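One-letter residues, chain by chain:
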Amino acid sequence: MVCASRGSQLLHFVNERRGSNSGISSSSSSSSSSSRRLDTRTAALSTPISKMHTSSSSFRSSGMRADPPAAGAPAGAIFPPAGSNAVPAGYSVAEPIASSVATKAAGMPPRPAGAMIVEMGSMEDHHHSETSSATGSISQPDLDVNFNAAIYSTLKQKIHDRSFVVAAQLAQLCYLTWRWYYFLITPSTLYVSLPFIIAETMIVLGGSFITYFLVWNQCKRPKLRLVDLKLERRELPTVDVMIPCYNEPVEIVRQTTLAALAMDYPKEKLAVIVCDDGNSSAMRALIAQLRADMGGSKATLRYIARKKIPGVPHHAKAGNINNALMNEGTSGDFIVIFDCDMICRPEYLQCVLPHFYKLEADALVVDERIAMVQTPQAFVNVPEDDPLGQQYRYFYGPVLHGWDAVDSTPCCGTNVTFSRKALLSVGGFTYGSITEDFLTSMTLHSHGFKTKYIHEYLAKGLSPESVHDFMKQRFRWAAGGLEIFVRNNALFKRGLSPTQKFLYFWAGFNTCLSIPMVYLIYCPIIYLLGQSRVQIATFDTIEYFVFFLPYMFLQLCCMRISYRDVPSIYLRRSLQESVFMLFCYARAVITVVVGFKLGFKVTSKDAEASEFRKSFNWCIPYVIYYFLGSMSLGFGVLNMYRAFQAPDHSPKSMAAVAVSLFWIVFIMWQMWPPIGYLLRCLDPSPQVEKASPTLGSSSGAFSTPAPAGAVGVLPAAAHVSV
């Protein structure tokens, strides 16, 4: 695990620096304790932002110069603007900054009882253990033990996991060999059975990606904190935080902007830039008001609205960010991008920036080969059981850990930090896809840059609140990935390593597999409704169990291993998503292949704006399958009854019907989540209402879990309390 060894060198160097200064308090001797200090800070919300200073204990302990706090203010206070909106309803002036910065949106309902609450710091892999001492300090031997246990899998576990991978691959090879042998020697309805076995082979071989990158090859980076690098204040890099928006509600952007301004970082080195592609007068007035309330703060707050020339491609979000990068005089050493609804935690930069440094000649320097550091997304307005898998916990867990093992983490569009020098060296964000973030990642990798993924949940936002908006968003991701697959295929991209070529190729090809998968799920129905005329299975049913069951059992074992650090509910969600997303992906494939123009549309965050009819349209394929499947179940049960009553009935033929019945029932279960969610949205009870985008609750909890979902790019264990 290359990333682990590099992280260990930097981490040990950090701890040597910690111990070299006897004046450093024990509470700053571990990265966990520094994070804990950040969580316990308080702010006087009634004080103007002009008194916003970076006087936190983290900067004092590192010898950095700190501005004096306002009179009567608590140590380490960070102040948002004054005025009627300074103290949002439901928050007291003594609440922590994590709760106060992201205010309750006007007119939005409180977090419902059915929404998830995840305690802060618990949405990380349980391997990254926190310190248990009363002071938060940790000794060097203890840190070495914890680090080795966290980053390096034990030899026993590694042998266990990889043994299952090898066994699964052997079982897969045996199953496919047996299937093709019987297909070649057994008569069948060729126009049905040939597409069936080709589709099955494509799907089965696709499992090789899962078993290798999600089990065999994983990277989990250590937690680092900027304060522990002991850099002088003047040595810290400048940072531009860009918040692209386009006609979103002003209050949501306001919360995101305030959270960015409140980050624990020297204010003279921090610039927050709202990039408004809608050129909204209300947004412009908001930023002007916030800037006026800042008074003498050293932080910079800017509003940018680019001029759009009719007839000239604007390139949506990518063009918006590139305009701010190249045409508006921004100059930060690092570029942080947050979607306008993503509210960051104060310690975001403290957690992310250290991963851009490397140890060179016993000194810390910025590694110019590191172009990007990605962090996961989390969402506050998702029901506790997350029926659609919108937290993407699997993607932001095993999937990205697998990509990160080869320093090739893709950009996910938000909660991401770029090196300005690296990004500008490739011309900024790459145009040519509606998923410009993913394409930009491939461009950076083709130029030899490396990217990282750190599994710390440092920002949270809003997810789509209707089936229509959810499917529209996933359709856009899939279509954008297919655009890259068709027009910028990684196999022909110079500069990518063979592993990177495979990863990017798979990301697009995985969506293409939706077409054969749609055919596969209908094969049991075709067999039962046309049993006397259609012969699909070219094998003995008993032998089918002998070869298929070991293969499927080992594949499920590999999936369970890869889900080791993910709540078990997301294993079920992933199994369901592998089917209920098929029709959306198939639509994307047809759209891209036929050549329909794909436009960038902002995902709606308002469930009430989405009509029931639009959501139901996405569910029509499921309703059709339920109708045909129910008919097939009736025919199948009737045929089994008749065959059982016959004196010369064949157990093998009855077993074949039973197998088809099982698959139909299983597939119907996999298709249920969108239908169930659509019905739940019709229920006005509080249990299914959505949470407002507030950063925390009165208990100090972080009111959101974090992603799980698709296997591949479109696009851990958490302690959850309700």
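Residues numbered from 1 in each chain as written. Predicted model: local features only at pLDDT ≥ 70, side-chain atom pairs only at ≥ 80, totals over all residues. Heavy atoms only, no water.

J.: Is there a simple way to think about the overall build of the protein chain in this case?
T.: Counting secondary structure elements, the protein chain contains 22 helices and 13 strands. Roughly 28,200 Å² of accessible area belongs to the protein chain as shown, and the carbon and sulfur atoms make up 61% of that amount. (Helix = DSSP H or I, 4+ residues; strand = E, 2+ residues; numbered from the N terminus. Areas by Shrake-Rupley, 256 points an atom, 1.4 Å probe, with all protein chains shown as cover.)

J.: What am I meant to see in the side chain of E456 here?
T.: Relative to the assigned elements, E456 resides in the loop between β11 (450–453) and β12 (459–460). Judged by relative accessible area, which is 4%, E456 ranks as buried. Here the side chain of E456 touches R225 through a polar contact of 2.7 Å, side chain to side chain. (Buried < 20%, exposed > 50% of the residue type's maximum accessible area, 1.4 Å probe, protein only. Polar contact = N/O pair within 3.5 Å; in protein donor to acceptor, adjacent residues only side chain to side chain.)

J.: Honestly, helix α14 (residues 436–446) in this entry has me stumped. Any pointers?
T.: Count 3.6 residues to each turn of an α-helix, and residues three or four apart come out pointing the same way. With 11 of 11 residues buried, α14 lies mostly within the body of the structure. When we look at burial in α14, the residues that qualify are E436, D437, F438, L439, T440, S441, M442, T443, L444, H445 and S446. One or two residues past the end of α14 sits G448, with phi positive at roughly 90 degrees.

J.: I tried to follow the environment of A378 on my own but got confused; where do I start?
T.: Note on placement: A378 falls in the loop between β9 (370–374) and α12 (395–404). Judged by relative accessible area, A378 falls into the buried class, the value being 0%. A C-alpha to C-alpha distance of 8.1 Å links A378 and L462, two positions 84 residues apart in sequence.

J.: Before we go on, may I ask you to explain the side chain of N320 in this structure?
T.: One can find N320 in helix α10 (residues 316–326). Taking the relative accessible area as the measure of exposure, N320 reaches 2% and is therefore buried. When neighbours within four sequence positions are excluded, N320 is seen to be in contact with P244, C245, C275, D277 and R306. (Contact = heavy atoms within 4.5 Å.)

J.: So what exactly am I meant to see when it comes to α10 here?
T.: Within α10, nine of the 11 residues are buried, which leaves the element mostly enclosed by the surrounding structure. For α10, the set of buried residues is K317, A318, G319, N320, I321, N322, N323, A324 and L325. Among the structural elements, β2 (239–245), β3 (270–276), β4 (300–304), β5 (334–337), α13 (420–425) and α14 are those in contact with the buried residues of α10.

J.: When you look at the pairing of strand β8 (residues 363–366) in this model, what are you seeing that I'm missing?
T.: When a strand is regular, its side chains alternate between the sheet's two faces. Of the strand pairs in this sheet, strand β7 (residues 357–360) and β8 are connected by four bridges, and their pairing is antiparallel. Bridging from a neighbouring strand, K358 pairs with V365 of β8. Two successive antiparallel strands, β7 and β8, enclose a turn made up of two residues, where A361 displays a positive phi of approximately 55 degrees. (Pairing = 2+ DSSP bridges.)

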